[in-house]
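Here is how the chains run, residue by residue.
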Amino acid sequence: MIKDEEKPKVALADPSRSDGMQRYLASHAREIPPSGIRRFFDLVSASKDKDIITLGVGEPDFVTPWRVRDAAVYSLEKGKTQYSPNAGMLELREAIGQYLYNQFNLTYDPGKEMVVTVGGSEGIDLALRALIEPGDEILVPEPCYISYSPITSLSGGVAVGIETFAEDQFKLTPESLRAAITPKSKILVLCYPSNPTGAIMTYEEMLPIAKIVEEHDLIVISDEIYAELTFNGKHASFASLPGMKDRTILVSGFSKAFAMTGWRMGYACGHPDLISAMLKIHQYTIMCAPTMGQVAALEALTKGGLEEKDRMMESYNQRRRLVVQGFRDMGLECHEPQGAFYAFPSIRSTGLTSEQFAEKLLLEGKVAAVPGHVFGKGGEGFLRCCYATSVAQLTEAMERIHLFLRSLE
Amino acid sequence: MNELKLSILDLLKEDARLSAATIATMLGAAEEEVSAAIAEMEQDHVIVKYATVVNWSKVDDEKVTALIEVECTPERGRGFENIAERIYLYPEVKSVYLMSGAFDLLVEIEGKNLKEVASFVSNKLSTIESVISTKTFFILKKYKQDGIIFEEFEDDHRLLVSP
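Note that the coordinates shown come from a computational prediction; the quantities given were computed from them, not determined experimentally. (Residues numbered from 1 in each chain as written. Chains lettered and ligands numbered in written order. Predicted model: local features only at pLDDT ≥ 70, side-chain atom pairs only at ≥ 80, totals over all residues.)

Enquirer: Which parts of the structure should I look at to understand the overall build of chain B?
Expert: Along the backbone of chain B there are five helices and six strands. For chain B, the sequential pattern of α-helices and β-strands runs α-α-α-β-α-β-β-α-β-β-β. For chain B, whose C-alpha radius of gyration is 21 Å, the value lies well above the compact-globule estimate of 15 Å for 163 residues. Residue burial in chain B is summarised as follows: out of 163 residues, 16% are buried. Long-range pairs, those at least 24 residues apart, make up 54% of the contacts in chain B between residues at least 6 apart in sequence. (Helix = DSSP H or I, 4+ residues; strand = E, 2+ residues; numbered from the N terminus. Rg over C-alpha atoms; globule rule 2.2 N^0.38 Å. Buried ≥ 20, exposed ≤ 12 C-beta atoms within 10 Å, placed from the backbone. Contact = placed C-beta atoms within 7 Å.)

Enquirer: Sorry, what's going on with the overall build of chain A here?
Expert: Looking only at helices and strands, chain A features 13 helices and 12 strands. Taken against the 2.2 N^0.38 rule, which gives 22 Å for 409 residues, the C-alpha radius of gyration of chain A at 22 Å falls within 12% of a compact globule. Each of the 409 residues in chain A was classed as buried or not, and the buried ones make up 48%. Of the contacts formed within chain A by residues at least 6 apart in sequence, a portion of 75% connects residues at least 24 apart.

Enquirer: Explain the domain arrangement of chain B here, please?
Expert: A common way to report how large an interface is uses the accessible area buried once the components associate. The domain architecture assigned to chain B consists of domain 1 (3–43) and domain 2 (59–141). A straight line from the C-alpha centre of domain 1 of chain B to that of domain 2 of chain B covers 35 Å. (Domains from an automatic or database assignment.)

Enquirer: Would you mind showing me how to read the sheet that holds strand E8 (residues 265–269) of chain A here?
Expert: Backbone hydrogen bonds hold the strands of a sheet together, and the pairing may be parallel or antiparallel. Residue and element names in this part refer to chain A. Taken in spatial order, the seven strands of this open sheet run E2-E8-E7-E6-E5-E3-E4, and their pairing is mixed. Edge positions in the sheet fall to strand E2 (114–118) and strand E4 (158–163), since each of these pairs with one other strand and no more. For this sheet the average axis-to-axis angle between neighbouring strands, irrespective of direction, equals 20°. Pairing of strand E3 (residues 137–142) with E4 involves six bridges; the strand directions are parallel. (Pairing = 2+ DSSP bridges. Axes fitted to C-alpha atoms, helices over the stretch in contact; angles between N-to-C directions.)

Enquirer: Any chance you could explain the domain arrangement of chain A here in plain terms?
Expert: All names here are of chain A. Here chain A is described as being made up of domain 1 (36–63 + 306–408) and domain 2 (66–304). With centres defined by C-alpha atoms, the gap from domain 1 to domain 2 works out at 26 Å. Contacts between the two partners involve 34 residues from domain 1, matched on the other side by 35 residues from domain 2. Of all the secondary structure elements, the ones that give two or more residues to the side of domain 1 that touches domain 2 are helix H11 (303–329) and strand E9 (342–343). Ranked by residue count, the leading element in the side of domain 1 that touches domain 2 is H11, at nine residues. Of the residues contributing to the side of domain 1 that touches domain 2, the split by class is 17 nonpolar, 10 polar and seven charged. (Nonpolar A, V, L, I, M, F, W, Y, C, P; charged D, E, K, R; others polar.)

Enquirer: How should the sheet that holds strand E12 (residues 383–386) of chain A be read in this particular structure?
Expert: Residues and elements named next belong to chain A. If you walk across this open sheet you meet the three strands as E9-E12-E11, and the pairing is antiparallel. Edge strands, defined here as strands with exactly one partner in the open sheet, are E9 and strand E11 (370–371). With two bridges joining them, E9 and E12 adopt antiparallel strand pairing. For Ala343, the partnering residue across the bridge sits in E12 and is Cys385.

Enquirer: Got a minute to help me understand unusual backbone geometry in this structure?
Expert: Apart from glycine, the bulk of residues carry a negative phi angle, and the bulk of peptide bonds sit in the trans form. Residues and elements named next belong to chain A. With an omega dihedral of -5°, the bond running from Tyr192 to Pro193 counts as a cis peptide bond. Position of Pro193 relative to the elements: it lies in the loop between strand E5 (185–190) and helix H8 (203–215). With an omega of 20°, the peptide bond running from Asn195 to Pro196 counts as cis. Mapped onto the fold, Pro196 is located in the loop between E5 and H8. A positive phi is found at Gln169, a non-glycine position, where the angle reads about 50°. If you trace the backbone, Gln169 turns up in the loop between E4 and helix H7 (174–180). C-beta crowding within 10 Å serves as the criterion here: with 18 such atoms nearby, Gln169 is assigned to the partly exposed category. Positive phi, close to 60°, is recorded for Phe170, a residue that is not glycine.

Enquirer: I tried to follow the packing of helix H1 (residues 3–14) of chain B against helix H3 (residues 31–43) of chain B on my own but got confused; where do I start?
Expert: When two helices pack together, their arrangement is captured by the angle between the axes and the distance separating the axes. Residue and element names in this part refer to chain B. The geometry of H1 relative to H3 is characterised by a closest axis approach of 10 Å and an angle of 80° between their N-to-C directions. Comparing their axes, H3 and H1 come out roughly perpendicular. Residues Leu4, Lys5 and Ile8 of H1 lie in contact with H3, whose contacting residues are Glu33, Val34, Ala37, Ile38 and Met41. Here the contact of H1 with H3 is composed, by residue class, of six nonpolar, no polar and two charged. (Parallel < 35°, antiparallel > 145°, perpendicular 65-115°, else oblique.)

Enquirer: I would appreciate a short explanation of the pairing of strand E6 (residues 219–223) of chain A in the present structure.
Expert: Strand residues, when the strand is regular, have side chains that alternate between the two faces of the sheet. Residues and elements named next belong to chain A. Within E6, five of the five residues are buried, which leaves the element mostly enclosed by the surrounding structure. Of the two faces of E6, both are covered, the one formed by Ile219, Ile221 and Asp223 as well as the one formed by Val220 and Ser222. Alignment of E5 against E6, held across four bridges, turns out to be parallel. From the neighbouring strand, Val189 faces E6, where its bridge partner is Ile221.

Enquirer: Which parts of the structure should I look at to understand the nonpolar core?
Expert: When a protein is soluble and globular, its nonpolar side chains tend to lie buried together. Core analysis: the biggest nonpolar cluster contains 127 residues, and Ala127, Val189 and Ala268 of chain A have the highest contact counts within it. In terms of nonpolar packing, the next biggest core, distinct from the first, is built from 14 residues, Ile83, Ile87, Val107 and Val121 of chain B among them. (Core = buried A, V, L, I, M, F, W, Y, C linked by C-beta atoms within 7 Å.)

Enquirer: Please explain the interface of chain B and chain A as it appears in this structure.
Expert: Each partner contributes residues to the interface: chain B has 12 residues there, and chain A has 19 residues. Looking at the side of chain B that touches chain A residue by residue, the classes come out as six nonpolar, four polar and two charged.

Enquirer: Mind showing me how you'd approach the packing of helix H4 (residues 90–104) of chain A against helix H10 (residues 291–300) of chain A here?
Expert: Residue and element names in this part refer to chain A. Interaxial distance between H4 and H10 falls to 10 Å at its minimum, and their mutual angle equals 35°. Crossing handedness for the pair H4 and H10: left-handed. Here H4 contributes Glu91, Leu92 and Ala95 to the contact with H10, which in turn contributes Gln294, Ala297 and Leu298. Each residue belonging to the contact of H4 with H10 can be placed in one class, and the counts come to four nonpolar, one polar and one charged. (Left-handed = near helix turned anticlockwise from the far one by under 90°.)

Enquirer: Before we go on, may I ask you to explain helix H5 (residues 119–131) of chain A in this structure?
Expert: Residues three or four positions apart in an α-helix share a direction because the helix packs 3.6 residues into each turn. Residue and element names in this part refer to chain A. Helix length check: H5, at 13 residues, gives a terminal C-alpha distance of 19 Å against a target of 18 Å (1.5 Å per residue), a fit within 8%. Most of H5 is tucked away: 12 of the 13 residues are buried. Listed as buried for H5 are Gly119, Gly120, Ser121, Glu122, Gly123, Ile124, Asp125, Leu126, Ala127, Leu128, Ala130 and Leu131. (Expected span 1.5 Å × (residues − 1).)

Rendered as structure tokens:
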């Protein structure tokens, strides 16, 4: 028991002021809107019901392969606990370079065109901060991952959402891109395969986009964190399109393909001028990505690690087919997700908003899934369901959703 | 063996209760095709049996398992086939393998208790004419069997909802 007089003295906010400490906050921090996904997380967490099946996650159900974990443990035992070079261990950057060449036919110089980051998230942050000037417009096809727009506004940029549609399999069309461009447009953010829709864009589908990018002198930040989770055919990187390598900052990482979300291991590749600016920010804010994580990432790129990755990818593909078929069998429209590990069925036929549907499904049907509207324009009327969970759980979840739909009739 | 059959086996060895319809959906194949492939593999004894992996240490009904290295003299023309058969026909014998190295057959035996296993070794196994010697090793704990880990892990550490 600590006696009162021994407790550290903590300065309390002046209770006579109603705004607490808010007045100290910078306006750009205060004005970030609260995340819709956070609200739903609180709702799910508040329900103490142990019986809930969650399709609301955004990460693999696999634990990081043992050989990868073992490599990190071994490096700790050997005392590898120091800083690495700012850009990351050269050995790891070389392995990433080789991997990108083998997988996606991309050629990056590990010395000048690459930085190892704390998750893909840091790569996105670095890229946006290195490029945005106040007032710049950042084009973001939506529905999309929730971070691009808030990070953009932190730098004084303006995120401009471009709505994509189920009829187009949520692909970005050249027409809608053209329509969104203004003289202030500077950056196009692409995230294919897409979280939350599972949409992909093929090489041929990206060619006209590349033409517009060139015409309007845009820079592309291509978030390809789900690249390996491409199911019908191979992923095409935007940077591999003719003339696009210099205009593209490729952001990716180990979280999804290698089941390494908690390690926070990512990387960004691009033109040396852009990467060196990003590296400056990285060096002053982060110093370097965690060393044990880098050792783990290096092991993930060995032959054994890659085989584990392929095994996991095959398993996602099987469950993808199961879930899409499941939704269609119960009468929900569900476009075929060709990448990532999400299905994005339409719940418009129920007459409910996606928020109402998700909330009722949670409380009555005991299945958690994320309402589409939190992912921006075009997300309303849809539900993001992550199928990275066991076949038994998925089957049970599908039965529950089916029963829930019948109860709505 | 064709790719479809291999994929079916991969799924069934993890969960033998998956229906042909579910397997078909998961593999993107036609249900009739999957059913036919399974039937064919049953007929060819590729699929031998749909059994359950039991963690017997959790069942009150106690069992003792031992691995026995058996050294024996092969027979002219028949090699080890006859001896192996004489051993594997006993119901208490769970598996028999012909091995490379210092001994010939590896025999897995299951009994109710130590005495039962010991008596089988001394009365049945050692008395087979061509058996030269046996070495018995009792299994104290099973950690993993047929690729399945028996230890229970807290399975899902993920946040319920994440972006």
